[in-house]
Amino acid sequence: ELEMEGICGIQILHTFLLLWTSIDWNVAPVAGSQQGIPLSVVKLWASAFGGEIKSISAKYSGSQLLQKKYKEPEKSVRVEEIDGVKLVKNLAVKMEEMFQRKAEATRRLVEAAEEAHHQHEENPDLQYEYFNAVLINEVDEEGNNVELGGEFILEPNDHFNNLSVNLSLSVVQVPTNMYNKDPDIVNGVYWSEALNKVFVENFERDPTLIWQYFGSAKGFFRQYPGEIKWHPDEHGVIGFDCRNRKWYIQAATSPKDVVILVDVSGSMKGLRLTIARQTVSSILDTLGDDDFFNIIAYNQEIHYVEPCLNGTLVRADTTNKDHFREHLDKLFAKGIGLLGEALTEAFTILNDFNQTGRGSVCSQAIMLVTDGATKMYDDVFEKYNWPDRKVIFTVLKGVCFIAGYFSQISTLADVQENVMRYLHVMSRPKVIDHEHDTVWTEAYADSAVSMSNCINSSGILLGVAGTDIPLQELMKLIPKHMLGIHGYAFAITNNGYILTHPDLRPLYQEGQRRRKPYYSSVDLSEVEWEDKDDILRNAMVNRRTGTFSMEVKRTVDRGRRVLKMHNDYYYTDIKGTPFSVGVALSKGHGKYFFRGNVSMDAGLRDLEQPDVALADEWTYCNTEEKHEHRHLTQIQAIKLFMTGRRPHLKCDRELIQEVLFDAVVTAPLKSYWNSLALNKSENPEKGVEIAFLGTRTGLSRTNLFVPKDQLSNQDFLTAEDKEGVFNADHFPLWYKRAAEQVPGTFVYSIPFSTALENKSVVLASTAIQLLDDRKSPIVAAVGIQMKLEYFQRKFWTACRQCTALDGKCIISCDSEDINCYLIDNNGFILVTEEQSQTGLFFGEVEGAVMNKLLQMGSFKRITLYDYQALCREYAGSSDSARTLSDPFSLVKWLLTELVIFLLEFNLYSWWNVDFSVKAQRIRGKTMMVPCDTVYPAFVSERTIKETTGNIDCGGCVRSFVIQQIPSSNLFMVVVENKCDCSIIPPVTMDPIEIMYILYRSDKMLLLKLQKDRKKPESCHPFHPEENAMECGSACRFSSSLALPLMPLIAATISR
């Protein structure tokens, strides 16, 4: 029985451990079995194929020539160890300067808005035509522009994602539930027209700026540049309200602790309770990651909406808010409402939580959702709110108190607008202090972070001005050439959420714009999961400067392959922001850099060759800071900078010097490849299609041996091939994998496409080292793309060789008695007689053999975790396991030993298949939901070159031989085909969802599981000059008001 009444805790599914005693795959060696496959013959085949394929790869790639050319200047180059601390501090300074430029732009908007409002006199009869974002360029039946929809000139602009925009004007969006010509709206739009001039001036000063905007406290939203027409949804509604966005709320208010009290007495039945639920949900929308909250329902008793969290508050992250929303549907109305007890409970929580220092330690508020109150509750206020008067708010008998607010909500349509009004109360202290704190949001839509600043005048909140900062601009500041092949930079917020990290996956699928739920609140511990004690995360959250080291498992090739390495981390804070930045350098060649030197003329000459390209997302010269430089390519900018013709260009002289060196050293490859292409006797089968190279400075060269339209894989080395080119956060996959092979060997693979495996080509690449030393930098990688059919034909030709004098071989891959495979070091099949198996994992095809190889140590299983996974969930199913994910993140390690046990003995395959079959039987719609998964990856043991083995398949003995292909990452596997081993299940790489089962829980356990966070430095909890009579409509409240009625009461408490 899973339900444990009265006990709160976390229990882990362990049922599967009991299965082990009754399951035995019986793959142990069989005593006395006879070897059926001669090892000497397989070794001959492997040697013949290895020699042939390496000869082809070395010849057409030019690897030996390139190695020689890098060796020639060996005595004149300088190898240096990278100073990680200096590197991260310099990066932090660059990011600080960039953020500061954006902050200055918003401050100019704030000053202009406050001045424009000061000069404006409100006119309730004002008529003013403005460009409404929903109506621009709309005409009536007669072809005339509709009201508020004048002609608005738009032109495509690549700086704004090729959207059609107007760089001279902004547009205004008004929420659907508001009247376009309301006097408050018209007056606000009129005086805020003054911002157009500042928008344009800001963009001229800093051409890297993207969207600038002003969100008015009245509800309208002014955006620059004006863009294409906004379109309503199928219901004719545009749900966007700027006041409900994080950048607006965080700028307008200080961090806060909030208790929401919901009246569920009998009088709240029907529509009133429906409105109450919607009101609470809208309140939750106004809370951000720096806020804390809880919800209490009350009648004659106190009911915590989440019983496991009674007496405390939780962070208002997306996961927790969604969890509480689910519980709102379980509220029902009955009994009488005893508000006094509910208020006492709310005050007690706020006071106790404030003393612990775990919450916002700033503003505090009580939100009351009820249809009426019967008395003043002076005794409660006297006990908790006097003499300090920290908490003072409106009650429902017409008496107003300082810092209070009352709002009447009669219909569902009124909810959004009325909830927004409490923000005015919460913003009072900041407004009266005339503070303009710059606030920053976490990343959103995988592309930007928002920066905003509140605007006020005469003690009134006018709105919030802000701008978006593309994460790509942050990435351009990263000196990728100094981080090495596997190194990377990353940044997090004060709450530990990732701002940028190469392993962050915010979209459902690469290339799509659809974002995952909770994409903006992925914690650093969910990608750097090897740091089980959160040492790195907590140090960065607390804005420390320091270093950290750990063994890591980095997945590549869309998670199918794994690289094990040791990373050194260096981190520091970014001044003036709530962010911290870190860099990771892999030990060994990743910690060293070398400097070469060539003449500028020689370097520029070779850099301008048509076969040369530079990494698109690396910054050699900053061509975006000045409008006159935006049309320049990186190579053009380098030439202008080095020749002194554009002295104002900002360029990385050190990087440019090294890229010129690489251009000169790699130049001989061009003529070498050309000579091969022109020689008619070479490559007669056109089996080799492309030769390519890349260097540590992001320079690449390519040579086509066949016309471009005849390439088998035309995406390779293009923008569509994300993992195959230099990006802002990673080196090409073929470069990274080659760097981890033994020097002088080639790594072969079939590239995986975004959707299905691309089974038409094989890539071969090898790394070029500067010195014969483990500390030597990997200066380049070079390789070829060949047709898969050509590669496979070379394999089958080699397998027909034998040592018999009469030419009659003992065994042959053509025989039906054996199966021959060529697999790589991660177990993926490159060659097999069954073409449909090409690209599959070997364990799926030969489960018995793979089990044996794992048991013998020829291959190792590596357990990996994915805390950004998506799992299929069937509609109508309920899963309490996926609730309150932040508090449970530390519990994930409890499952590690269990899952590893299941993986080690391959029980996970049986388990996963069994439950998948059951799931398929469930009819109905499915949806993808966030989940945590565990899955295996496989790596060959380098020290084992050859292995033979026998498998007992129900009394039939099956033998096999595995032999490494020399100078490669490949293995030949020859398996007897005389036994039916289907009783042994396949070994798969399928992920398993980790299930966390939550019972009624002990609140102290949950509190311990909450992760560290750094409180924002700015706090404005209370101001003595707040207007005592500004209580919304509370002073006019009467019990005779028409029903249904839904007042909202907000109370603020100072620190």
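Preceding block: the structure.
A brief look at the structure comes next. From a predicted model like this one, the values you see are computed outputs, not experimental measurements.

**A closer look at the packing of helix α1 (residues 39-61) against helix α21 (residues 788-798)**
And then number 1: Their axes nearest at 8 Å, the elements α1 and α21 cross at an angle of 145°. For the pair α1 and α21, the crossing hand works out as right-handed. Where α1 approaches α21, its residues W45, A48, F49, E52, I53 and I56 are matched on the opposing element by Y790, F791, K794, F795 and A798.

**Some words on the state of the cysteines**
Joining two cysteines, a disulfide is a covalent bond between their sulfur atoms.
And then number 1: Considering all chains together, one arrives at 5 disulfides under this definition.
And then number 2: Disulfide pairing places C953 opposite C981 at an S-S distance of 1.7 Å. Every disulfide takes its handedness from the sign of the S-S torsion; for C953 and C981 that torsion is 85°, giving right-handed. Pair noted here: C953 is in strand β37 (residues 946-953) and C981 is in the loop between β39 (970-976) and β40 (992-993), with a separation of 28 residues, a long-range link. C981 shares its class with C953; the two are buried.
And then number 3: Put simply, C956 and C979 are joined by a disulfide, and their sulfur atoms are 1.9 Å apart.

**Digging into the layout of surface pockets**
And then number 1: Space inside the second largest pocket adds up to approximately 1200 Å³.
And then number 2: In terms of lining, the second largest pocket is formed by 49 residues, of which the most central are A739, E740, Q741, V742 and R942.
And then number 3: Listed by contribution, the elements that provide at least two residues to the lining of the second largest pocket are α1, α2 (63-71), β22 (561-573), α20 (733-739), β31 (761-769), β35 (859-874) and β36 (926-940).
And then number 4: In terms of residues, the lining of the second largest pocket owes the most to one element, β22, which gives 5 residues.
And then number 5: Among the residues forming the lining of the second largest pocket, the class breakdown is 16 nonpolar, 20 polar and 13 charged.

**Considerations on the sheet that holds β39**
In any sheet, the strands associate via hydrogen bonds between backbone groups, in a parallel or an antiparallel arrangement.
And then number 1: Judged by pairing direction, the sheet is antiparallel, and its 5 strands sit side by side in the order β34-β33-β39-β38-β37 without closing on themselves. The strands lining the two open edges of the sheet, one partner per strand, are β34 (829-832) and β37. Between one strand axis and the next, the sheet turns through 20° on average, direction left out of account.
And then number 2: In the sheet, strand β33 (residues 818-824) pairs with β39 via 7 bridges, with the strands oriented antiparallel. Residue pairing in the sheet places I818 in a bridge with E976 of β39.
And then number 3: This element, α21, spans β33, β34 and β39 of the sheet and lies at about 60° to β34.

**A few points about the pairing of strand β19 (residues 488-492)**
And then number 1: Buried residues dominate β19, accounting for 5 of its 5 residues.
And then number 2: Residues Y488, F490 and I492 point to one face of β19 and A489 and A491 to the other, with burial holding for every one of them.
And then number 3: Pairing of β19 with strand β20 (residues 498-500), which is carried by 2 bridges, proceeds in the antiparallel orientation. Note that in β20 the partner of A491 across the bridge is T500.
And then number 4: Linking β19 back to β20 in an antiparallel pair, the connection comprises 5 residues, with G496 at a positive phi of about 85°.

**Some remarks on the pairing of β22**
And then number 1: Counting buried residues in β22 gives 11 out of 13 residues, a clear majority hidden from the surface.
And then number 2: Where strand β21 (residues 546-556) meets β22, 11 bridges bridge the pair, whose relative direction is antiparallel. Looking across to β22, one finds that F548 is bridged to Y569.
And then number 3: Connecting the antiparallel pair β21 and β22 is a turn made up of 4 residues, with D557 showing a positive phi of about 55°.
And then number 4: Here β22 runs beside strand β23 (residues 580-586); their pairing, made up of 7 bridges, is antiparallel. Bridged to D568 within β23 is L585.
And then number 5: If you look at the hairpin formed by β22 and β23, you'll find 6 residues sitting between the two strands, and G576 has a positive phi there, around 80°.

**Considering the sheet that holds strand β3 (residues 155-157)**
And then number 1: Strand order in the open sheet formed by 3 strands is β3-β4-β8, and the pairing between neighbours is antiparallel. Where the open sheet ends on each side, the last strands, each with one partner, are β3 and β8 (226-227).
And then number 2: Sheet topology places β3 next to strand β4 (residues 163-166); 3 bridges connect them, and they run antiparallel. Pairing of E155 across the sheet is with V165, part of β4.

**Observations regarding the environment of D371**
And then number 1: Residue position: D371 is located in the loop between β13 (363-369) and α10 (378-385).
And then number 2: Spatially, the C-alpha atoms of D371 and D263 are 7.6 Å apart, while their sequence positions differ by 108 residues.
And then number 3: A distance of 2.8 Å separates the side chain of D371 from the side chain of S267, its partner in a polar contact.

**Re the environment of F203**
And then number 1: For F203, the position within the fold is in helix α5 (residues 195-205).
And then number 2: Between the alpha carbons of F203 and A105 there is a distance of 8.8 Å; along the sequence they are 98 residues apart.
And then number 3: Setting aside chain neighbours within four positions, we find F203 in contact with H159, F160, L167, L209, Q212, Y224 and H627.

**So, helix α12 (residues 422-432)**
And then number 1: Of all the 11 residues making up α12, 9 are buried; the element is thus mostly covered by neighbouring parts of the structure.
And then number 2: All buried positions along α12 are accounted for by Y422, L423, V425, M426, S427, R428, P429, K430 and V431.

**Describing the nonpolar core**
Proteins that are soluble and globular tend to have nonpolar side chains buried together.
And then number 1: Counting 94 residues, the largest nonpolar core has I638, Y748 and F791 as its most contacted members.
And then number 2: Top contributing element to this core by residue count: α1, with 9 residues.
And then number 3: Both of domain 1 (51-80 + 649-796) and domain 4 (816-875 + 928-993) provide at least three residues apiece to this core.
And then number 4: I638 has contacts with L604, L607, L614, Y620, C621, I656 and V659, leaving out every residue within four places of it along the chain.
And then number 5: Core analysis: the next-biggest nonpolar cluster, separate from the first, contains 82 residues, M178, Y224, L328 and A333 among them.

**Points about the side chain of R696**
And then number 1: With respect to the helices and strands, R696 occurs in the loop between β28 (688-695) and β29 (699-704).
And then number 2: Polar contacts involving the side chain of R696 include one to the side chain of D662, which spans 3.1 Å.
And then number 3: The residues touching R696, leaving out its near neighbours within four places in the chain, are H481, F593, F594, W618, E658, F661, D662, F731, Y735, I778 and V779.

Rules of the game
Residues numbered from 1 in each chain as written. Predicted model: local features only at pLDDT ≥ 70, side-chain atom pairs only at ≥ 80, totals over all residues. Heavy atoms only, no water. Axes fitted to C-alpha atoms, helices over the stretch in contact; angles between N-to-C directions. Helix = DSSP H or I, 4+ residues; strand = E, 2+ residues; numbered from the N terminus. Left-handed = near helix turned anticlockwise from the far one by under 90°. Contact = heavy atoms within 4.5 Å. Disulfide = S-S within 2.5 Å. Buried < 20%, exposed > 50% of the residue type's maximum accessible area, 1.4 Å probe, protein only. 1 Å grid on protein atoms, 1.4 Å probe; cavity = no way out; pocket = protein on both sides within 12 Å on 5 of 7 lines; lining within 4 Å. Points joined across faces, edges and corners; volume = space filled by probe spheres on them. Nonpolar A, V, L, I, M, F, W, Y, C, P; charged D, E, K, R; others polar. Pairing = 2+ DSSP bridges. Polar contact = N/O pair within 3.5 Å; in protein donor to acceptor, adjacent residues only side chain to side chain. Core = buried A, V, L, I, M, F, W, Y, C linked by side-chain atoms within 4.5 Å. Domains from an automatic or database assignment.

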